[in-house]
Structure formats: C-alpha cells, structure tokens
Amino acid sequence: MDIIEFMSGHLMTILALVVTGVFAGILAGLLGVGGGIVIVPVLYFLFQGFGVSADSAMLVATATSLATIIPTSISSIRSHHRLGNVDLDLFKRWSLFILTGVLAGSWLVTRADGDWLTLLFGIIATLAALNMLFRAGKPALFPGLPSSGGQAVMGSSIGFFSAMVGIGGGTLSVPLLTLFNYPAHKAVGTAAAIGLIIALPGALVMLLLGTTPEDAPVGTFGLVNLIGFICIVPLTVLFAPVGARLASSLDAGLLKKIFAIVLLFTGLRMLVQLSL
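Residues numbered from 1 in each chain as written. Predicted model: local features only at pLDDT ≥ 70, side-chain atom pairs only at ≥ 80, totals over all residues. Heavy atoms only, no water.

### Topic: the confidence of the model for the protein chain
Inference 1: For the protein chain, per-residue confidence averages 85 on the pLDDT scale, and residues scoring 70 or more make up 91% of the total.
Inference 2: No element of the protein chain has a lower mean pLDDT than helix α1 (residues 3-9), which averages 54, and none a higher one than helix α5 (residues 88-109), which averages 95. (pLDDT = per-residue confidence, 0-100. Helix = DSSP H or I, 4+ residues; strand = E, 2+ residues; numbered from the N terminus.)

Written out as structure tokens, the structure is:
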C-alpha cells in the first residue's frame, strides 16, 4: 500500500488527529496547560469512535501522549530557560527520583489493564480541574519545600503518576510546588524540564516493551501510535503561539475556568464510563 492509498483509506482518522493537534496547541498556549491533559482524553474517545476498545484506547492514548510531549517540552524548556525560569538546582535534585518513578510507572503501563489507567486519569483530571477552579490565587499551605526525603517522595510520585496517565510534569508538579510556597513562574518553567524527563523514557519504554493490542489503531508500534504522533506534534507546536496571542486579547482567567469545567466533566465522564 502506497502513501496515497493509506491516506485515502484512513482520511477521517488523520483529520481527527490533526484537529487534536490544533486543539491541544491552542489550549496549551492560551491557558498554559500541558498538552497531555488534553491529548489523552481526546485520543481515548477518538480511538473508541474508530472501533478500538476502551481498554486498548487508553493504553495507546497514554503512550502516544507521552511521545508528543517530547518535542513540545524541548521547545518549552528553551523558552523558559531564556527567561531564567528553570530552577536547575531543583531539577538536578529531583531528576533521579523522577526518572525512577517514570520507569516504574511506564513499565507498569505495559502490564496494566487500561481500565485502571482510565480510573487513574479520571481521578487526576478531576482533581486538576478542582484545583484550577478553587485553588487559583489562594495562598500556599506550607512555608517552603519539605526535607530531602519529602522531596524525593514528591519527585518520584510526579514521575510515576505522570507516566502512568500520559501527562507531562506541569499538571502535577506546578500545583504541588505552589502548595509549598514555590514561585509560580519558576514552577511552570521547571515543569517544562520535568516534562522531558517524564516523556522521553516513558514513551521509549512503552514503545519498546509494550505489546500492541490486537484492536489498536493503525500505525501503532508497541503502545505508541506513530501516525497520531506525526499528525499531532507539528500542529501543536504551530498553534501554541496562536493560543498565546489569543490569551493577550481574551480573559485568560475566565477561559481557564471554562477549561477546568470541561476537564472536570471529561474526568467524570471517564469515571462514569468505567461503571457502565
């Protein structure tokens, strides 16, 4: 089958993946949210629309999302580093713990039931949405970061849970760091670096060790859908600046609340689907 035959036979899938990339890019630039928190649920429901089981859809969505985070996090790191917002000391202290959590979490994904991942993502998405709605602008709960042992737990937990649900470091690390009175701009910049150390090893483990489900969407190797990766990444990178420009002319606070409500319903819908 040549490339023209392939594209004509899977045109709707490719178009849907392209729209996913555009949507994720605009939201990332507009609201400052990580692409994974958008890409995972979109791919999860999209793949099911093309006849993939919910179990397989979640596995492939998780791995594919991590793969798409690799190039976007590199671009984000460069931007934040130029602004001096990447805390290299914190990143160095946490790197080994994050990596350990990522390797454990991504290996577990290759052995896990997709329903458990859906449950975990639904819980994390719901908590992230509630944090956006009710914790924005609130004071920190703690005066500073915990001891080195506490930070080791934080780093390994961020790596473990982020890898298991296909998200970068921002969704968990930014709210967690700001709870401990860590500067918000530093938290966002450092989260970009954390995202790379989550996405790269996590995606590689799922690509090389994952067993491709029998009903996986076309173009899936291991657990990573390479067609999804190719379609999503360029559009995400291209449209993130568009979202950033829109943010300057729109009420970003209101938009973030709207997104949080959508994310809340998305997380709850994933949880409800498990109970049906």
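Having seen the model, we can carry on.
### A word on helix α6 (residues 114-134)
Inference 1: Its 21 residues place the ends of α6 30 Å apart at the C-alpha level, agreeing with the 30 Å of an ideal helix rising 1.5 Å per residue.
Inference 2: Every buried residue of α6 is listed here: G114, L117, T118, L120, F121, G122, I124, A125, T126, A128, A129 and M132.
Inference 3: Where α6 starts, the residue carrying a side-chain oxygen 2.7 Å from the main-chain nitrogen of D115 turns out to be D113. (Expected span 1.5 Å × (residues − 1). Buried < 20%, exposed > 50% of the residue type's maximum accessible area, 1.4 Å probe, protein only. Polar contact = N/O pair within 3.5 Å; in protein donor to acceptor, adjacent residues only side chain to side chain.)

### Here we look at the packing of α5 against helix α7 (residues 148-165)
Inference 1: Their axes nearest at 6 Å, the elements α5 and α7 cross at an angle of 40°. You can see that α5 and α7 cross each other, and the crossing is right-handed. Where α5 approaches α7, its residues L90, R93, W94, F97, I98, G101, V102, A104, G105, S106, L108 and V109 are matched on the opposing element by Q151, A152, M154, G155, S156, I158, G159, F160, A163 and M164. (Axes fitted to C-alpha atoms, helices over the stretch in contact; angles between N-to-C directions. Left-handed = near helix turned anticlockwise from the far one by under 90°. Contact = heavy atoms within 4.5 Å.)

### Some thoughts on the packing of helix α4 (residues 54-82) against helix α9 (residues 184-209)
Inference 1: Packing of α4 against α9 leaves a shortest axis separation of 7 Å and a crossing angle of 145°. Seen from above, α4 lies across α9 with left-handed handedness. Here α4 contributes T62, A63, L66, A67, I69, I70, S73, I74, S76, I77 and H80 to the contact with α9, which in turn contributes V188, G189, A192, A193, G195, L196, I198, A199, L200, G202, A203 and M206.
Inference 2: When grouped by side-chain class, the residues that make up the contact of α4 with α9 number 16 nonpolar, seven polar and no charged. (Nonpolar A, V, L, I, M, F, W, Y, C, P; charged D, E, K, R; others polar.)

### Section: the packing of aromatic side chains
Think of a pair of aromatic rings as described by two things: how far the centres are apart, and how the planes are tilted against each other in angle.
Inference 1: Evaluated as defined, the whole model comprises three aromatic pairs.
Inference 2: Seen in terms of ring centroids, Y44 and F45 are 5.0 Å apart; in terms of plane orientation they differ by 65°. Their pairing is edge-to-face.
Inference 3: Taking relative accessible area as the criterion, Y44 reaches 1% and is therefore assigned buried.
Inference 4: Plain terms: the ring middles of F142 and F180 are 4.7 Å apart, the flat faces sit at 15° to each other, and that makes the pair stacked. Within this pair, whereas F142 is found in the loop between α6 and α7, its partner F180 is found in the loop between α8 (170-179) and α9, the two being separated by 38 residues in sequence. (Phe/Tyr/Trp six-rings, centres within 6.5 Å; stacked < 30°, edge-to-face > 60°.)

### Quick notes on the nonpolar core
Inference 1: Core analysis: the largest hydrophobic core is formed by 71 residues, its most contacted members being L17, L43, W94, F121 and L263.
Inference 2: With eleven residues, α4 is the single largest residue contributor to this core.
Inference 3: Those residues within four positions of L263 in sequence are excluded, and the remaining contacts are I37, A125, A128, A129 and M132. (Core = buried A, V, L, I, M, F, W, Y, C linked by side-chain atoms within 4.5 Å.)

### Brief notes about the side chain of N225
Inference 1: As for its position among the elements, N225 is in strand β2 (residues 224-225).
Inference 2: Contacts of N225, omitting those with residues within four sequence positions, involve L17, F47, V60, T64, P217, V218, G219 and T220.

### Re helix α3 (residues 36-49)
Inference 1: Its 14 residues place the ends of α3 20 Å apart at the C-alpha level, agreeing with the 20 Å of an ideal helix rising 1.5 Å per residue.
Inference 2: Summarising burial for α3: ten of the 14 residues are buried, a large majority.
Inference 3: Along α3, the residues that are buried comprise G36, I37, V38, I39, V40, P41, L43, Y44, L46 and F47.
Inference 4: Looking one or two residues beyond α3, the residue adopting positive phi is G51, at roughly 90°.

### Quick look at a nonpolar patch on the surface
Inference 1: On the surface, W107, L108, L200, L204, L208 and L209 cluster together into a nonpolar patch covering about 570 Å² of accessible area.
Inference 2: Among the secondary structure elements, those contributing two or more residues to the nonpolar patch are α5 and α9.
Inference 3: Ranked by residue count, the leading element in the nonpolar patch is α9, at four residues.
Inference 4: Mapping L200 onto the fold places it in helix α9.
Inference 5: With relative accessibility at 38%, the residue L200 sits in the partly exposed group. (Patch = residues over 30% accessible without salt bridge, like charges linked within 9 Å, V, L, I, M, F, W, Y side chains within 5 Å. Areas by Shrake-Rupley, 256 points an atom, 1.4 Å probe, with all protein chains shown as cover. Salt bridge = Lys/Arg side-chain N within 4 Å of Asp/Glu carboxyl O.)

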